[in-house]
Amino acid sequence: MKYAFFPGCVLEGASKENYIATTAVAKVLGIELVEIPGWTCCGASHLQDIDDLTSTAVNARNIALAEQMELPLLTVCNTCTLMLRKAKAKLDDGQKDKVNTLLTKAGIEYKGTSEITHLLWAIVRDYGLENLKGKVKRPLTGLTVAAYYGCHILRPPAVMNFEDHANPESLENVIRALGAEPVDFAYKLKCCGFHSTYTANEDMINITGATCQSAVQAGADCIVTPCPLCQMSLDMNQPEGQAAVGCSKEMPVLHLAQLIGLALGLKPEELALDMHIAGINQLKIKVS
Amino acid sequence: MSQITYKVSRFDGEKSYTQEYSFDHQPGKTILWGLIKIKEELDPTLTFTAACRSAVCGACSVRVNGQAMLACETPLDDVIRRFGAVLTVEPLGNFTVIRDLVIDWAPKAERLADSRVWLIPKDEFSAETGCRQKAADFKKIDVQAGCILCGSCASECNKLSANNKDFLEPFTYAKVWKFVADTRDKADGERIKAILDKGLWKCLHCVECTTQCPKGLSPGDDIARLRQTSIKMGYRDNHGARHAFAFLKDIEDTGRLNEMKLSLRSDGIIGSMRKFPLALRLLRRGKLNPFHFPGKVKGHDQIKTILKAVRESEK
């Protein structure tokens, strides 16, 4: 299995630990991730607020770079996945020629030959849960995990369409394959508010608190999410979030790759768990 | 014949409770069929609204297993396939409940009216000559004109759930966009100015409105269109617009995001300083590196060329 890897900006910045964990896990699983040379920011669900065509053209270039590698494009970020898939949907639905007249000036062409997938989907659909189970060295028996999907891996369903947006199960199935136990919680399909950090900050803080509190009440040892932006929001804002809702128990929030890595037998330091803010020591004791 | 159970959220004006109704499943029926069956055969006190039974009036929208849907057009077989034979039926979210599944539209209608969602015709029109437009111009607002005010988009809106004081129901933004885009309307400037003060940049981007709409509208995209128009009109000095431009600037300058600059550009120096405890927290964990300046990506000249070509094509 080989993919053109689109890490996204946060994996170079505040979510470095996800880069470390993703590449480490891919190595153990034998998934080859070849980073796309020259990828750029996807626009992070903000670029279209200035101009639709700019957003589509920038991502058409990103996709075209993966096409030159003759590989499917893989991301580990929900919002990158959405932005790239949204651009692809527009290109394949009539905008290809128009956008290619712009790309041609830069010597690039969008063809439409590379699919856009996410690590979660690749694990479930391409790698297979049975194969994943076969690689588990340290089953996460007794660990209760709240599966937090994040908006942009599910919605809008017309663009994302991997599974039922209202009733997804891919993340829970991965959790089970790793030997852990998924717990249902009220905020499973809710929004973390990350994209409104600067415009609705108080709402984002309240949402962070309520989400983590909901996972605590459901008896979860940790939250796991396939989106580094959700992870960042729920983790780094947790002190303020806890204060907002009056919850004193910290809730560790893991990247999908980190949870998989723990079950594969990787050490917490190989997955950069110490870069998280909330409750990582309690989690390390639980999984040790 | 298999059984189906509706677990209905009930409210009698004072107390809330859940009541279960089980009945024989019949293939090819709708959610509304089940509600009518309960009222006619099991419990005449169950209260809900429905009228046209043709997905036109918008009165019967309810929440089934956490998802807003029109009871009259949603096949029961589909929801059973998705969620099983025990269904949770609730009134729409983010509305005040009057009784059982009946919600109060009055405050929402007031908020809608505050945004003047009616045609303010250009001076060239008159009562005598009418207010006609070309088919191609109507086509531009055809989708938004299809809103039936069922409330489904508002029900699952994460921003309204967090705080509805500084944000409107998604259908309102869709309707405001409809009139801004309507070639017969003369009040674009006033509309944009007003909607900027009514939460235009506060949408959380959760995409629930687009997902829940039974008529194919995408209020989230209409919010983006209103934002684009506001920027074209010069309203750039606000958190939302500055944040969006911070991404564009980094894409143009290097190709990738610089988180330190993003904060400064979006929040200003004083705003960024207020987030000092957060920044310190991230620094201590090695998540923030103030000395990280991403260099230009390979093929950065391509980006410059593409962005220039986009601008020229839109002149």
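Residues numbered from 1 in each chain as written. Chains lettered and ligands numbered in written order. Predicted model: local features only at pLDDT ≥ 70, side-chain atom pairs only at ≥ 80, totals over all residues.

Trainee: So what exactly am I meant to see when it comes to the overall build of chain A here?
Mentor: On a plain count of helices and strands, chain A comes out with 12 helices and eight strands. At 19 Å, chain A has a C-alpha radius of gyration in line with the 19 Å of a compact globule built from 288 residues. Oriented by its inertia axes, the alpha-carbon framework of chain A measures out at about 55 × 45 × 30 Å. The 288 residues of chain A split such that 64% are buried. Taking all contacts inside chain A whose residues are at least 6 apart in sequence as the whole, residues at least 24 apart take part in 81%. (Helix = DSSP H or I, 4+ residues; strand = E, 2+ residues; numbered from the N terminus. Rg over C-alpha atoms; globule rule 2.2 N^0.38 Å. Buried ≥ 20, exposed ≤ 12 C-beta atoms within 10 Å, placed from the backbone. Contact = placed C-beta atoms within 7 Å.)

Trainee: In this structure, what is going on with the packing of helix H8 (residues 170-181) of chain B against helix H9 (residues 188-196) of chain B? I would like to understand it.
Mentor: The angle between the axes and the distance between the axes are what describe a pair of packed helices. Residues and elements named next belong to chain B. Taken N-terminus to C-terminus, the directions of H8 and H9 make an angle of 155°; their axes are 9 Å apart at the nearest point. Considering the angle they form, H8 stands roughly antiparallel to H9. For the pair H8 and H9, the sense of crossing is left-handed. In this structure, H8 uses Val176, Phe179 and Val180 to contact H9, whose residues at the interface are Asp188, Arg191, Ile192 and Ile195. (Axes fitted to C-alpha atoms, helices over the stretch in contact; angles between N-to-C directions. Parallel < 35°, antiparallel > 145°, perpendicular 65-115°, else oblique. Left-handed = near helix turned anticlockwise from the far one by under 90°.)

Trainee: Sorry, what's going on with the domain arrangement of chain B here?
Mentor: Interfaces are frequently sized by the accessible area removed from exposure as the parts join. Annotation of chain B at the domain level lists domain 1 (3-102), domain 2 (105-232) and domain 3 (239-313). With centres defined by C-alpha atoms, the gap from domain 1 of chain B to domain 3 of chain B works out at 48 Å. (Domains from an automatic or database assignment.)

Trainee: Explain the sheet that holds strand S1 (residues 2-6) of chain A here, please?
Mentor: Consider a sheet: its strands pair through backbone hydrogen bonds, and that pairing is either parallel or antiparallel. All names here are of chain A. Pairing is parallel across the open sheet formed by four strands, whose spatial order is S2-S1-S3-S4. Each end of this open sheet is capped by a strand with a single partner; those strands are strand S2 (32-35) and strand S4 (116-118). For this sheet the average axis-to-axis angle between neighbouring strands, irrespective of direction, equals 40°. Across three bridges, the pairing between strand S3 (residues 73-75) and S4 is parallel. Note on S4: the bridge partner recorded for Leu73 is Ile116. Running over the sheet, helix H3 (residues 78-104) touches S1, S3 and S4 and is turned about 160° from S4. (Pairing = 2+ DSSP bridges.)

Trainee: I'm lost on the packing of helix H1 (residues 16-29) of chain A against helix H11 (residues 256-263) of chain A in this one. Help?
Mentor: All names here are of chain A. The contact between H1 and H11 brings their axes to 8 Å, and the two run at 45°. Overall, the two elements H1 and H11 adopt an arrangement that is oblique. For H1 against H11, the interelement crossing comes out left-handed. Along its contact with H1, which presents Asn18, Ala21, Thr22, Ala24 and Val25, the element H11 presents Ala257, Gln258, Ile260 and Gly261. Split by residue class, the contact of H1 with H11 holds five nonpolar, four polar and no charged. (Nonpolar A, V, L, I, M, F, W, Y, C, P; charged D, E, K, R; others polar.)

Trainee: Even after reading the chapter, I still don't get the pairing of strand S1 (residues 3-11) of chain B, so can you show me in this structure?
Mentor: In summary, the side chains of a regular strand alternate between the two faces of the sheet. Residues and elements named next belong to chain B. Side chains of S1 alternate between two faces, with Ile4, Tyr6, Val8 and Arg10 buried and Gln3, Thr5, Lys7, Ser9 and Phe11 left unburied. With nine bridges connecting them, S1 and strand S2 (residues 16-24) associate as antiparallel partners. Its bridge partner being in S2, Thr5 is matched across the sheet by Ser22. Counted along the chain from S1 to the antiparallel partner S2, the turn is four residues long, and its residue Gly13 has a positive phi close to 105°. Here four bridges tie S1 to strand S5 (residues 86-90), and the two strands are oriented parallel to one another. Residue pairing across strands places Tyr6 opposite Leu87, the latter belonging to S5.

Trainee: Which parts of the structure should I look at to understand the interface of chain B and chain A?
Mentor: With 58 residues of chain B at the contact, the number on the chain A side is 52 residues. Counting residues per element, the ones that place at least two in the side of chain B that touches chain A are helix H2 (76-83), helix H7 (158-162), helix H10 (208-212), helix H11 (219-232), helix H12 (239-253), helix H13 (259-274), helix H14 (276-284) and helix H15 (300-313) of chain B. Classifying every residue of the side of chain B that touches chain A by side-chain character gives 24 nonpolar, 20 polar and 14 charged.

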